Amino acid sequence: MDGVTRIGVSLEPELLDKFDKSIHKKGYVSRSEAVRDLIRDSLAEIEWKNEDEWMVGTIVVVYDHNSTQIVDKLTDLQHSNLGIINTSVHVHLDSSKCMEIMICSGELKTLKKFADEVSSVKGVLRGRLTMAAPASGNLHHIGHRN
Ligand code: NI
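Okay, so let's go over this structure.

Scoring rules and cut-offs
Counting from 1, residues in each chain are numbered in the order their sequence is written. Local features in this predicted model are restricted to residues of pLDDT 70 or higher, and side-chain atom pairs are both shown and tallied only at a pLDDT of 80 or more, whereas totals for entire chains, interfaces and linings draw on every residue. Neither water nor hydrogens contribute to the side-chain values; these are computed over all heavy atoms in the structure. Each reported salt bridge corresponds to a side-chain nitrogen of Lys or Arg within 4 Å of a carboxyl oxygen of Asp or Glu. Strands are runs of DSSP state E lasting at least two residues, helices are runs of H or I lasting at least four, and both sets are numbered from the N terminus onward. Buried means the residue's accessible area, taken with a 1.4 Å probe over protein chains only, is under 20% of the maximum for its type, while exposed means over 50%, and partly exposed covers the values in between. With water omitted from the atoms examined, metal sites may look incomplete; donors here are N, O and S atoms no farther than 2.8 Å from the metal, or 3.2 Å in the case of Na, K and Ca.

Description of the pattern of salt bridges
Here's step 1: This model, assessed by the stated rule, comprises 10 salt bridges.
Here's step 2: When the shortest N-O distance is used, the salt bridge between R31 and D20 registers 2.7 Å. Taken together, the residues span a long stretch of sequence, with R31 in helix α2 (residues 31-48) and D20 in helix α1 (residues 13-26) at a distance of 11 residues.
Here's step 3: Given a relative accessible area of 42%, R31 falls into the partly exposed group.
Here's step 4: Taking the relative accessible area as the measure of exposure, D20 reaches 25% and is therefore partly exposed.
Here's step 5: Its salt-bridge partner being E117, residue K113 comes within 3.5 Å of it at the nearest N-O pair. Here the residue K113 and the residue E117 both occupy positions in helix α4 (residues 108-119), the gap between them amounting to four residues, near one helical turn.
Here's step 6: Overall, K113 belongs to the exposed group, its relative accessible area being 54%.
Here's step 7: A single salt-bridge network, built from bridges that share partners, covers E33, R36, D37 and R40.

The structure is reproduced here in structure tokens:
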């Protein structure tokens, strides 16, 4: 392969055995691809620790729409945070539960604060913020509304 550097890694047999089993379960066909993903995840996590970094991520919330005023509260929160929400998708999970996925971009600290606010609304069963990548190009600019 062009543009790729090969590296050698020394591992204890037990550790390698556990690693092979875990990547087999996940469906990896090669150790190299599994190691590349681990390295990418590890680098991404370091980026997530910089609170001022512009990031793109998703906030997933699951809630019971019968809970008192929850729909109004979540809608109000989203309308007051237009600058960081790029788009959102609503899925009706069953007769009472809803899932909302918000794709957001902004400073990490801002995204965390918004995710905390959304997750702590009474009736939210689950709220989770996941970072996807540093915001650059178009998404960075979409995040700047003012
Ligand atoms: Ni719904």
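Side note on the coordination of the nickel ion
Here's step 1: For the nickel ion, the full set of protein donor atoms is H90 (NE2), H92 (ND1) and C98 (SG), at a range of 2.0 to 2.3 Å.
Here's step 2: Donor residues for the nickel ion, ordered by position in the chain, follow H-x1-H-x5-C.

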